[in-house]
Amino acid sequence: MKPTALRRNTTTRTLVAVSLAAGLALAAGCSKSEDSGSDSPSASDTADAGQKVATPSGDAKSCTIDQFGGAKLDIKGATIGFSQSEKEANPFRIAETASIKAEASKRGLKLLTANAQSQFSKQISDVQDLMAKGANLLVIAPLNSDGWGPVLRTAAAKHIPIITVDRKINAAACKDYVSFIGSDFISQGKRAADQMITATGGKGEIAILLGAAGNNVTTERTKGFKDEIAAKAPGLKVVFEQTGEFAREKGQSVTEQLIQSKPGITGIYAENDEMGLGAVNALKGAGKKAGDVKIVTVDGTRNAVQGIVDGWISGVVESNPRFGPLAFQTLDDFTKGTKVSQDIVIQDSEYSKDNAKADLGKAY
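What you see is a predicted model; the values in this text were computed from it and never measured.

A few words on the sheet that holds strand β4 (residues 137–140). Spatial strand order, β3-β2-β4-β5-β6-β13: six strands in an open sheet with parallel pairing. Bordering the open sheet on either side are β3 (110–115) and β13 (343–345), each of which pairs with just one other strand. The sheet shows a mean angle of 20° between the axes of neighbouring strands, direction not considered. The pairing of strand β2 (residues 79–84) with β3 spans six bridges and is classified as parallel. Along β3, the bridge assignment pairs Thr 79 with Lys 110.

Another point: empty space enclosed by the protein. Counting across every chain of the model gives three cavities of 30 Å³ or more. Its volume calculated, the largest cavity comes out at about 110 Å³. Taken together, Glu 86, Asn 90, Phe 92, Arg 93, Asp 166, Arg 167, Val 217, Arg 221, Phe 246, Asn 272 and Asp 299 make up the full set of residues lining the largest cavity. Of all the secondary structure elements, the ones that give two or more residues to the lining of the largest cavity are α2 (91–107) and α6 (216–232).

It is worth spelling out α6 at this point. The terminal C-alpha atoms of α6 lie 24 Å apart, and with 17 residues this matches the ideal 24 Å at 1.5 Å per residue to within 8%. Within α6, the full set of buried residues consists of Asn 216, Val 217, Thr 218, Glu 220, Arg 221, Thr 222, Gly 224, Phe 225, Glu 228 and Ile 229. Considering only its buried residues, α6 is in contact with α5 (185–200), β7 (204–210), β8 (236–243), β9 (267–270) and β10 (294–299). Two to three positions downstream of the cap, the backbone nitrogen of Val 217 sits 3.0 Å from a side-chain oxygen, assigning the N-cap of α6 to Asn 215.

Residues Gly 267 and Tyr 269 of β9 are buried on one face, and the alternating residues Ile 268 and Ala 270, pointing to the opposite face, are buried as well. Alignment of β7 against β9, held across four bridges, turns out to be parallel. Residue pairing across strands places Ile 208 opposite Tyr 269, the latter belonging to β9. For β9 and β10, the ladder comprises four bridges, and the chain directions are parallel. Note that in β10 the partner of Ile 268 across the bridge is Ile 295. Crossover β9 to β10 through helix α8 (residues 273–285) is right-handed.

A sheet is described by the order of its strands in space; here six strands give the open sequence β8-β7-β9-β10-β11-β14, paired in mixed fashion. Of all the strands in the sheet, the pair left with one neighbour each is β8 and β14 (350–351). Across the sheet, α8 touches β7, β9, β10 and β11 (315–318), and the angle it forms with β10 is around 155°. The sheet strands contacting helix α9 (residues 302–309) are β10, β11 and β14, and the helix crosses β11 at an angle near 150°.

Counted according to the given criterion, the structure contains five aromatic pairs. Residues Phe 120 and Trp 148 carry aromatic rings whose centres are separated by 5.4 Å and whose planes lie at 80° to one another, so their mutual orientation is edge-to-face. Here the residue Phe 120 occupies a position in helix α3 (residues 120–132), and Trp 148 occupies one in the loop between β4 and α4 (149–158), the gap between them amounting to 28 residues. Across the pair, exposure class does not vary: Phe 120 and Trp 148 are buried alike. An angle of 55° between the planes, with centres 6.4 Å apart, marks the rings of Phe 180 and Phe 185 as tilted. Across the pair, Phe 185 and Phe 180 agree in class, each one buried.

This part covers the confidence of the model for the protein chain. Mean pLDDT over the protein chain: 88, with 85% of residues reaching 70 or higher. Residue range residues 1–48 is modelled with pLDDT below 50. Its contacts to residues more than four positions away, or to other chains, number 132 contacts.

Its location among the elements puts Asp 66 in helix α1 (residues 65–68). On the accessibility criterion, Asp 66 (65% relative accessible area) is exposed. Remark: the alpha-carbon pair of Asp 66 and Lys 339, spanning 273 residues in sequence, is separated by 9.6 Å.

The next thing to look at is the environment of Asp 343. Here Asp 343 lies in strand β13. We classify Asp 343 as buried; its relative accessible area is 11%. When the C-alpha atoms of Asp 343 and Thr 164 are compared, they prove to be 9.9 Å apart, with 179 residues separating the residues in sequence. At 2.8 Å, the side chain of Asp 343 and the side chain of Lys 168 are in polar contact.

The rules behind the values
Residues numbered from 1 in each chain as written. Predicted model: local features only at pLDDT ≥ 70, side-chain atom pairs only at ≥ 80, totals over all residues. Heavy atoms only, no water. Pairing = 2+ DSSP bridges. Helix = DSSP H or I, 4+ residues; strand = E, 2+ residues; numbered from the N terminus. Axes fitted to C-alpha atoms, helices over the stretch in contact; angles between N-to-C directions. 1 Å grid on protein atoms, 1.4 Å probe; cavity = no way out; pocket = protein on both sides within 12 Å on 5 of 7 lines; lining within 4 Å. Points joined across faces, edges and corners; volume = space filled by probe spheres on them. Expected span 1.5 Å × (residues − 1). Buried < 20%, exposed > 50% of the residue type's maximum accessible area, 1.4 Å probe, protein only. Contact = heavy atoms within 4.5 Å. Polar contact = N/O pair within 3.5 Å; in protein donor to acceptor, adjacent residues only side chain to side chain. Right-handed = clockwise from strand over helix to strand, strands pointing away. Phe/Tyr/Trp six-rings, centres within 6.5 Å; stacked < 30°, edge-to-face > 60°. pLDDT = per-residue confidence, 0-100.

Okay, structure coming up:
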């Protein structure tokens, strides 16, 4: 099987019919970030924070193990490999890995894990190594969307089903991989734009701290935001765009440059919370006061939601990282021969000054 171009339409709400119970043990695995000053949420705090599947649309595309070309198996007897893409200093990645490990433990499954430490060449070799060690099912959180040919060829030869979470790979669903599970990133960008319009009154100059290049998350969060601004608030002008690589330190340094070049900036859209928190640090260092520059971010980490409570951040669109239950349920259904969706889009909530304090316990 050769990789082919996959349509990048994450708005397709083709979903698996999965009902997730609240209060899963994974919630307790959400650790605090390295520089967080607050305790991580307890299981009771996050009891209703698990992923929920969005309502399917009528054009759902599905996949069965017969279509894929594999053989039915019981995942309790399988070896499952999980490839994490980034260093686990980012709260999203901490919560994501904790969720995968907690659900595997809950189900009594054999799980092999690897972390690419934000190096794509390492992730490719990591996944090849997982397969060499006997993984016959894979869950991958891709660093990049392109460049997966070597992995897909090996997996195809061994008939190893692959589920990707959070980011897509550019390949053919139900041929090169089974399903993608993640958010509607274009919708996230649009919702962030709506929050920015509300915060700024729809006028002024705004900057975008772009995520890392080479993946569909950055591309689609940018598109959704720009399209919504153009349609609803022509008085808002994007005057600055630069990648902060989804990192707090880079978000801070880029914002420091921004303040120098555009001292009258009205708002900043950070495509993840970590860059937004870096922007807050830069604004504090420049002597700005909370609310002087409106900041909207995407993720839903506890520190970012606390930033709303403290007045530094105007809004946060959630991107729920708790993939464990849904990923393993999808694999379980698929390997038993049940039809699953090629695109499984999850519901994401959002935080504003109206609910941030009350819902802080749901953040990760």
